[in-house]
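The lines below spell out each chain.
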Amino acid sequence: MFIGRTQELKQLEEAYRAGRNTAVVLYGRLGIGKTELAQIFMKDKPAVFYAARELSELEQSYRMAKELKVTRDDEFFTIYETLHEAMQRSGGKKMLFVIDEFHLLAKSGNAFLQAFIQLMNEDAPCMFLLLSSSVNWVENSMIENLAFAAKSLSGIIKLKEFSFVEMVNRFESMPVEKIIYANAMLGGIPAYLNYWNEKASVKENIVRIFLTKDAPLFNAAEQFLKKELRELGAYNAILATMASGKYKLNDIYARTGFSRAKISVYIKNLIELDVVEKVFSFDASEHAEQMHANAQKGLYRIKDRYLAFWYRYIFPNSSEIECGRGEQVYEKEIAQDMAQYVRECFAGVCEEYLKLMAQYGRLKNRYSNWGTWYGKTGRIDIAAGDADGNSLVGFCRFDNYLMTKKDYNQYKELLSLALLQPKEMYLFSKAGFAEELRRMVREESGDGVKITLVGLEDL
């Protein structure tokens, strides 16, 4: 099912309609939907598609000619000749060349780059759509590898994971709670979401997708990282440490035994790959120094939801899963811990909800600074501030217990530690709210703070 990507399609259409030859790089991790988007874009246009592979330059030329059906038994076609011949089928319209995993063509030799430059400079109208799943190569090596050819690029688009709103559209008939679980385990990666069975339970989906040695995503994490990074063993150690709840550099150092300098380099690479992020406690106070006395500093966490789930539950239990004891892993390791794990993902969903409210002018102030306050005794899941010092906070609960007035009082203690006096407070709860808390909100007795209760049905 193809959903969303309206902005990216608009950018591609604008590039195609430009009155000159154009070239756009479309990149993103494996499974993010590049090829599907390209196929939608190709409709009703004269176009050819070639999926590059790891081949010698000579074999690459042969395969391209054969697959684009411009070869003859007694002749060899160069890449330029193949693409030039294919262009003759355009009927005078702008020809679209879609090259999947084009970095493999660029790495195999100069033939493709020479053909690319030559065709871009000719009068015959054409557009190149160059796809790549090597995020690291595109962001760190592409311009250098393309050399002079890089000047011909018209645009570079990074395809990102689905937002929660897009996931709701993807699973129209599924309850919001199950969509939150799917998001927590698979992220917004379209290819991974295709494995989710809307009619099956959360447990059934986890067991089928992860917990057998033949499960589709049992080994996908390491396959993804191997494609982008060397020394997988070191990265496994660091990511497993973060997934176990150790977020500080000193904790990672103590657990892995790697030098701090080595850890910093590896983490930098993971951040560039959008796998890890460094988070700082929210700071919108004029008393920042006092605020930070009660806050955690410089934490690292796994940003990629699929990898966070995989390193938390699958990686440390691989032996059990290989031996066919996946159901036991679910009952002993996952079921007991799931609410705590999903809470962080739920907080991300709630923040997306608030930002959408802000976009439509439904909040009191125009908040521009968003984050989380990480305290030494707890955290404020969502904190936002504006230029005038006004703030908003949100607390999220994802378990089977009603949120109570006692919870609210604990939240107030955290606000005191953070030196925050918000104008608005949003309370999000999976199970709902106790009547005493609802009454307090109805009577507007929240110490001058506008409190809004948000249940799953509101998301």
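Residues numbered from 1 in each chain as written. Predicted model: local features only at pLDDT ≥ 70, side-chain atom pairs only at ≥ 80, totals over all residues. Heavy atoms only, no water.

## Comments concerning the nonpolar core
Residues Phe 128 and Phe 210 are the most contacted members of the largest nonpolar core, which totals 123 residues. Residue contributions to this core peak at 11 residues, all from helix H21 (residues 338-359). In this structure, Phe 128 is in contact with Thr 22, Ala 23, Val 24, Leu 83, Phe 97, Phe 112, Phe 116, Leu 119 and Met 120, ignoring residues within four places of it in sequence. Core analysis: the next-biggest nonpolar cluster, separate from the first, contains 22 residues, Trp 373, Leu 414, Leu 437 and Leu 453 among them. (Core = buried A, V, L, I, M, F, W, Y, C linked by side-chain atoms within 4.5 Å. Buried < 20%, exposed > 50% of the residue type's maximum accessible area, 1.4 Å probe, protein only. Helix = DSSP H or I, 4+ residues; strand = E, 2+ residues; numbered from the N terminus. Contact = heavy atoms within 4.5 Å.)

## Observations regarding the packing of helix H13 (residues 220-228) against helix H14 (residues 232-243)
With their axes 10 Å apart at the nearest point, H13 and H14 run at an angle of 125° to one another. By the angle between their directions, the pair H13 and H14 is classed as oblique. Helix-helix and strand crossings are classified by hand; for H13 and H14 the assignment is right-handed. Within the contact between the two elements, H13 uses Glu 222, Leu 225 and Lys 226 and H14 uses Leu 232, Asn 236 and Leu 239. Residues belonging to the contact of H13 with H14 are distributed by class as follows: 3 nonpolar, 1 polar and 2 charged. (Axes fitted to C-alpha atoms, helices over the stretch in contact; angles between N-to-C directions. Parallel < 35°, antiparallel > 145°, perpendicular 65-115°, else oblique. Left-handed = near helix turned anticlockwise from the far one by under 90°. Nonpolar A, V, L, I, M, F, W, Y, C, P; charged D, E, K, R; others polar.)

## Considerations on the layout of surface pockets
Estimates place the volume of the largest pocket at around 1200 Å³. Looking at the largest pocket, it is lined by 41 residues, and the ones nearest its centre are Glu 277, Arg 301, Lys 303, Arg 305 and Gly 348. Looking at the lining of the largest pocket, the elements that each hand over two or more residues are strand E6 (276-279), strand E7 (299-302), H21, strand E8 (369-374) and strand E9 (379-385). In terms of residue count, H21 provides more of the lining of the largest pocket than any other element does, 8 residues in total. In this structure, the second largest pocket spans a volume of roughly 520 Å³. Taken together, 24 residues line the second largest pocket, and the ones lying closest to its centre are Gly 245, Tyr 247, Arg 312, Glu 344 and Arg 379. With 4 residues, the single largest contributor to the lining of the second largest pocket is H21. Residues that form the lining of the second largest pocket fall into these classes: 9 nonpolar, 6 polar and 9 charged. (1 Å grid on protein atoms, 1.4 Å probe; cavity = no way out; pocket = protein on both sides within 12 Å on 5 of 7 lines; lining within 4 Å. Points joined across faces, edges and corners; volume = space filled by probe spheres on them.)

## As for the sheet that holds strand E11 (residues 424-429)
Sheet architecture is open: 5 strands sit in the order E8-E9-E10-E11-E12, paired in mixed fashion. Strands with a single pairing partner mark the edges of an open sheet, and in this sheet they are E8 and strand E12 (450-455). Averaged over all neighbouring strand pairs, the angle between strand axes comes to 20°, with direction disregarded. In this structure, E11 lies alongside E12, joined through 6 bridges in parallel fashion. (Pairing = 2+ DSSP bridges.)

## Considerations on the packing of aromatic side chains
Evaluated as defined, the whole model comprises 23 aromatic pairs. Ring geometry for Phe 210 and Phe 309: centres 4.8 Å apart, planes at 50°, overall tilted. Within this pair, whereas Phe 210 is found in helix H12 (residues 202-210), its partner Phe 309 is found in helix H18 (residues 305-314), the two being separated by 99 residues in sequence. For the pair Phe 210 and Phe 309, a shared accessibility class is recorded, and that class is buried. For the pair Tyr 313 and Tyr 341, a centre-to-centre distance of 5.7 Å together with 80° between the ring planes defines the contact as edge-to-face. With Tyr 313 in helix H18 and Tyr 341 in helix H21, the pair connects residues that are 28 residues apart, well separated along the chain. Each member of the pair, Tyr 313 together with Tyr 341, is buried. Linked through ring pairs, Tyr 192, Phe 210, Tyr 306, Phe 309, Tyr 313 and Tyr 341 together constitute an aromatic cluster. Across from the ring centre of Phe 224, 3.9 Å away, lies the NZ or CZ of Arg 29, which sits over that ring. Its guanidinium or amino end placed over the ring of Tyr 16, Lys 45 lies 5.3 Å from that ring's centre, counting from NZ or CZ. (Phe/Tyr/Trp six-rings, centres within 6.5 Å; stacked < 30°, edge-to-face > 60°. Lys NZ or Arg CZ within 6 Å of the ring centre and 35° of its normal.)

## Topic: the environment of Gln 39
Within the secondary structure, Gln 39 is located in helix H2 (residues 34-42). For Gln 39, a relative accessible area of 45% translates into the label partly exposed. Gln 39 sits 29 residues away from Lys 10 along the chain, and the two C-alpha atoms are 14 Å apart.

All we've got here are geometric facts, nothing functional implied.
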